[in-house]
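# Residue-level structural notes
Each chain, letter by letter, is given below.
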Amino acid sequence: MTWFFRVPRLLAVGLVLVCGACSHPIVIAPDLSQLPRQDGASKVDKKVGLHIPRDKRELRVKTPGGGGDNVDYTPYADLEPGLYRTLSNVFSLVVMVDDPHNSERLKMDGITYVFTPAITTTSSSRNIMFWPPTDFSVTIACTATDSGASVVWSSSVAGDGGLIPVSDILKDFGLAGRRASANSLLRLESEIRAASIFRK
Amino acid sequence: MVARLIVVLCTLMISACSIKANEYSFSPENVQALREAGSSKVRLGAVTSQMKDESAGIHLRAASMVSPYGSYAAYLKEALRQELEEAGRLTIDSDAEISGTLTKNEFDASGISVGEGALAAVFTVRRGGKPVYERIHEAKITWESAFSGAVAIPRAVGEYRKLMQKLVQQLLHDPAFLEAIR
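Remember, predicted model here, so these are calculated numbers, not experimental data.

Turning to the overall build of chain B, a few remarks are in order. Within chain B, the secondary structure is distributed over 5 helices and 7 strands. In sequence order, chain B lays out its α and β elements as α-β-α-β-β-β-α-β-β-β-α-α. Evaluated residue by residue, chain B yields a buried proportion of 37% over its 182 residues.

Structure (structure tokens):
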């Protein structure tokens, strides 16, 4: 019978081996319904570009979760549709731009400004019993350059996930990150909309 | 007491569960391709599946990944809807209609180092009820998997949306398709 009492110990060791200091993949893409499409005459009648370097699109970052574990995700790939939606809500036409320094090409394509975001994130958990982060922040530092590659505007906005019930996080492990992404994008849209330089 | 708790925890961890695939979000490249190809609007028709019991989900080790839209055919329809709507080319009133049939929906996270998936669908464009475009498109994806299911399963779940984006990209970058909806 002694083997019977060893089973829980073996399971505990197994549990530690399987779960110990893991990095868990999550998605922080915002729910696009929280960034509703704006159609109509209030848009700035300009064609602008969104530049996300190729290496950033594939970039996978790792930040802390709970219980000593980490979470990993692709911030640029996850936020790309939201960034596109944000710019599309302010300007009449948005295109993806590979090289913001190619003045000749930008002028030929009629692109007035190119927006380049730099995304930083933090995460943590107030609960040591499970790994999904309960707290998350997304900061977007965005610069706009003209067709001559001169910086004409820059701003940094931050959004957090707010206080989310644990029961909701257990249904969607990336929820805190998804909400932080949506909040930062909403702030970015307000900042761009308020910048008078784009309406000249 | 501690031993009992551990046994319960282990049972919870290894028992089969159902997870939802990540919701689709449009790809800016796909939207751009649609915008550049023209501005005429199209209607989205039926999207069906050839697979049996398709709504039961895809097996990912001990878990089952289900579509957040009820079925994987509905997932494909949502993907097409988002891309067309974001490009401003979706309407309910057009003589041009896009429809599709999902013919392959394979997703394998059993590998300890590599996961792989493949999707295929037949897409049809009809004008006034007559087919003007019909072609099968297929997309494949591989990703880095892991021994631990706690890592491998969420990673696989995150890859499904990318695979669907690739399939839709095949369609939206096909010059014959863009000509058919021009």
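This part covers the overall build of chain A. A count of helices and strands for chain A gives 6 helices and 8 strands. When the helices and strands of chain A are listed from N to C terminus, the series reads α-β-β-α-β-β-α-β-α-β-β-β-α-α. Here chain A holds 200 residues, and 40% of them are scored as buried. Intrachain contacts of chain A at a sequence separation of at least 6 include 73% that bridge at least 24 residues.

The subject of this paragraph is the sheet that holds strand β4 (residues 70-73) of chain A. All names here are of chain A. Pairing is mixed across the open sheet formed by 3 strands, whose spatial order is β1-β4-β3. Since the sheet does not close on itself, it has two edges, and those belong to β1 (23-25) and β3 (61-64), each with one partner. Adjacent strand axes in the sheet meet at a mean angle of 35° when their direction is disregarded. Sheet topology note: the β3/β4 ladder contains 4 bridges and is antiparallel. Within β4, the residue paired with Pro64 across the bridge is Asn70.

Two packed helices can be described by the angle between their axes and the distance between those axes. Residue and element names in this part refer to chain B. Where helix α3 (residues 72-86) contacts helix α4 (residues 149-172), the axes come no closer than 10 Å and their chain directions differ by 55°. The orientation of α3 with respect to α4, classified from their angle, is oblique. α3 and α4 meet at a crossing whose hand is right-handed. Taking contact as the criterion, the partners of Tyr75, Leu76, Ala79, Leu80 and Glu83 in α3 are, on α4, Met164, Val168 and Leu172. Among the residues making up the contact of α3 with α4, the classes are represented as 7 nonpolar, no polar and 1 charged.

Let us now look at the confidence of the model for chain B. Residues and elements named next belong to chain B. Of all residues in chain B, 89% have pLDDT values of 70 or greater, and the mean over the chain is 88. Long-range and interchain partners of residues 10-15, a stretch whose pLDDT sits below 50, account for 3 contacts in this model, where long-range means more than four residues apart. Under the prediction, the complex receives an ipTM of 0.81, its pTM being 0.86.

A few words on the pairing of strand β6 (residues 113-124) of chain A. Residues and elements named next belong to chain A. Alignment of strand β2 (residues 44-50) against β6, held across 3 bridges, turns out to be parallel. Counted as the bridge partner of Gly49 is Val114 from β6. Where β6 and strand β7 (residues 135-146) come together, 12 bridges link them in antiparallel fashion. Counted as the bridge partner of Ile119 is Ile140 from β7.

Our next topic: the nonpolar core. In terms of nonpolar packing, the biggest core is built from 44 residues, with B:Leu76 and B:Met164 touching the most fellow members. The dominant element in this core, judged by the number of residues it contributes, is α4(B), at 11 residues. Counting residues in hydrophobic clusters, the runner-up holds 41 residues, among them A:Leu79, A:Phe91, A:Val94 and A:Ala182.

Let us now look at helix α6 (residues 175-194) of chain A. Its 20 residues place the ends of α6(A) 29 Å apart at the C-alpha level, agreeing with the 28 Å of an ideal helix rising 1.5 Å per residue. With 14 of its 20 residues buried, α6(A) lies for the most part within the structure.

Here we take up the packing of helix α2 (residues 28-37) of chain B against α4(B). Residue and element names in this part refer to chain B. Remark: α2 packs on α4, axes separated minimally by 10 Å, with the N-to-C direction vectors making an angle of 15°. Overall, the two elements α2 and α4 adopt an arrangement that is roughly parallel. Considering the relative orientation of α2 and α4, their crossing is left-handed. On the side of α2, the interface is formed by Glu29, Asn30, Ala33 and Leu34, while α4 contributes Val168, Gln169 and Leu172. When its residues are assigned to classes, the contact of α2 with α4 shows 4 nonpolar, 2 polar and 1 charged.

Our focus in this paragraph is the environment of A:Arg187. Residue and element names in this part refer to chain A. Relative to the helices and strands, Arg187 is located in helix α6. Taking the C-beta count within 10 Å as the criterion, Arg187 has 18 such neighbours and is therefore assigned partly exposed. Put simply, Arg187 and Val157 are 30 residues apart on the chain and 6.3 Å apart in space, counted from C-alpha to C-alpha.

Bringing the pairing of strand β8 (residues 151-160) of chain A into the picture now. All names here are of chain A. One ladder, built from 9 bridges, connects β7 with β8; its direction is antiparallel. Within β8, the position partnered with Ala141 by the bridge is Ser156. As consecutive antiparallel partners, β7 and β8 are separated by 4 residues, and within that stretch Ala149 has a phi angle of approximately 70°, a positive value.

Residues and elements named next belong to chain B. Within the open sheet, the 4 strands sit side by side as β2-β5-β6-β7. Their pairing is mixed. Looking along the sheet, the strands with just one partner apiece sit at the ends: β2 (43-49) and β7 (130-144). Geometrically, the sheet is characterised by an average inter-axis angle of 20° between neighbouring strands, direction not taken into account. The pairing of strand β6 (residues 114-127) with β7 spans 14 bridges and is classified as antiparallel. Across the sheet, residue Glu116 finds its bridge partner in β7, namely Thr142. This element, α3, spans β2, β5 (96-108) and β6 of the sheet and lies at about 155° to β2. Contacting β5, β6 and β7, α4 runs over the sheet at an angle of about 145° to β7.

Conventions and cut-offs
- Residues numbered from 1 in each chain as written.
- Chains lettered and ligands numbered in written order.
- Predicted model: local features only at pLDDT ≥ 70, side-chain atom pairs only at ≥ 80, totals over all residues.
- Helix = DSSP H or I, 4+ residues; strand = E, 2+ residues; numbered from the N terminus.
- Buried ≥ 20, exposed ≤ 12 C-beta atoms within 10 Å, placed from the backbone.
- Contact = placed C-beta atoms within 7 Å.
- Pairing = 2+ DSSP bridges.
- Axes fitted to C-alpha atoms, helices over the stretch in contact; angles between N-to-C directions.
- Parallel < 35°, antiparallel > 145°, perpendicular 65-115°, else oblique.
- Left-handed = near helix turned anticlockwise from the far one by under 90°.
- Nonpolar A, V, L, I, M, F, W, Y, C, P; charged D, E, K, R; others polar.
- pLDDT = per-residue confidence, 0-100.
- Core = buried A, V, L, I, M, F, W, Y, C linked by C-beta atoms within 7 Å.
- Expected span 1.5 Å × (residues − 1).

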